[in-house]
Amino acid sequence: MTPAAFARSRRGRIVLAFASVYVLWGSTYLAIRYAVESIPPFVMGATRFVIAGWALYLFARMRGAARPTGQDIRTAGITGILMLGGGNAAVIWSEQYVPSGLVALIVATVPLWIVLIDWLRPGGSRPRTAVGIGVAVGIAGMIILIGPGALHLDGYRVGASALVLIGGSMSWAIGTLVTRRSARLSSPLVGAALQMLAGAAAMLVMAVVFGEARAFQPAAVTARSLWAMAFLIVFGSLIGFTAYIYLLGVVSATKAATYAYVNPVVALLLGWAFANEPIGIRSVIAAAVILAGVAIITITQSGAPATGEYPIPTQPGEKVRSAA
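Residues numbered from 1 in each chain as written. Predicted model: local features only at pLDDT ≥ 70, side-chain atom pairs only at ≥ 80, totals over all residues. Heavy atoms only, no water.

Enquirer: Looking at this structure, how should I read the overall build of the protein?
Expert: Across its full length, the protein carries 13 helices and zero strands. Along the protein, helices (α) and strands (β) appear in the sequence α-α-α-α-α-α-α-α-α-α-α-α-α when read from the amino end. Surface summary for the protein: the accessible area is close to 13600 Å², and the carbon and sulfur share equals 70%. (Helix = DSSP H or I, 4+ residues; strand = E, 2+ residues; numbered from the N terminus. Areas by Shrake-Rupley, 256 points an atom, 1.4 Å probe, with all protein chains shown as cover.)

Enquirer: Any chance you could explain empty space enclosed by the protein here in plain terms?
Expert: The gaps of empty space that remain are located by a probe, the size of a water molecule, rolled over the atoms. The computed volume of the second largest cavity comes to approximately 40 Å³. For the second largest cavity, the full set of lining residues is Pro99, Gly101, Leu102, Leu268, Gly271, Trp272, Glu277, Pro278 and Ile279. Among the elements of the structure, helix 4 (100-107) and helix 12 (259-275) are those that each provide at least two residues to the lining of the second largest cavity. Broken down by element, the lining of the second largest cavity gets its largest block of residues, three residues, from helix 12. Of the residues that constitute the lining of the second largest cavity, the class distribution is six nonpolar, two polar and one charged. (1 Å grid on protein atoms, 1.4 Å probe; cavity = no way out; pocket = protein on both sides within 12 Å on 5 of 7 lines; lining within 4 Å. Points joined across faces, edges and corners; volume = space filled by probe spheres on them. Nonpolar A, V, L, I, M, F, W, Y, C, P; charged D, E, K, R; others polar.)

Enquirer: Just to check I follow, could you spell out the pattern of salt bridges for this structure?
Expert: When their charged atoms lie close together, side chains carrying opposite charge are able to pair. What the rule picks out here adds up to four salt bridges. In this structure, Arg33 and Glu277 form a salt bridge, with 2.7 Å as the shortest nitrogen-oxygen distance. With a gap of 244 residues between them, Arg33 in helix 1 (residues 3-35) and Glu277 in the loop between helix 12 and helix 13 (281-300) connect regions that are remote in the sequence. We note a salt bridge from Arg224 to Glu37, for which the minimum N-O separation is 2.6 Å. Residue Arg224 is located in helix 10 (residues 223-250), and its partner Glu37 is located in the loop between helix 1 and helix 2 (41-62); the two are separated by 187 residues in the primary sequence. On the basis of relative accessible area, Arg224 is assigned to the partly exposed category, the value being 44%. When salt bridges with common partners are traced through the structure, they connect Asp118, Arg121 and Arg181 into a single cluster. (Salt bridge = Lys/Arg side-chain N within 4 Å of Asp/Glu carboxyl O. Buried < 20%, exposed > 50% of the residue type's maximum accessible area, 1.4 Å probe, protein only.)

Structure representation (structure tokens):
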């Protein structure tokens, strides 16, 4: 292969990987909405991540990844519970009551919480002025989205679900900070697999505690929900994540992290186009303000990206350290 042909091939792979991360991860919010139509949220999440986790673990081991150490398992277990058992579980539960596009917008605020929690923790570091401006802009967008008078935003009641989502975003942010300060795992793919399995275990416990496991009726599951969950496993957890890991190896972390502010836009448009979710002027303004804040933080921190659905990207969108 000539150098020119190799360069074209490499560019093609990069474009395909970006398209996968932008579109596939952005579409997971709509897929979750369809999946929870007939599958209880925590049952769905536990099933998705146990299948994806084992598949990713076996794939990584077949490619020569070493067995995880006890420290690897402890780190991935803690961060998986915080990120997936806390953050992703909040997303899944909330999509029973809130449009998928609005859920994606609230989740996009994770970088704000990472900055604030890292600052307010004992011995925390004060953010640079530009990062502080980004946080202020993002919080202003949140106030526009779910502040006073927005409890029935675009025809949906978002109050309680918004609080759950904010709590889940904080859980993801804490998991991100724990990941940053933990020893690097030997294999990002193995670490991600362990995080998925830990998240699955946490959601299984929730399914039992909240009575979902007892009340679940497999016969009532629709074909649309099954196809949606299959999409989440294959395209959201496996292909999307692998594409993100590839991008981290060939482009800067800041460029890879652009999915943090593209995904919510994709989710809003897909929810509007396929699920008849309304996009009101308030949500459009809030989206612009929130994503502007996220962009300021991501670009300013050059190399410490932002948010989304996965463990390893200490994210939802950071440079792989532990294991997305």
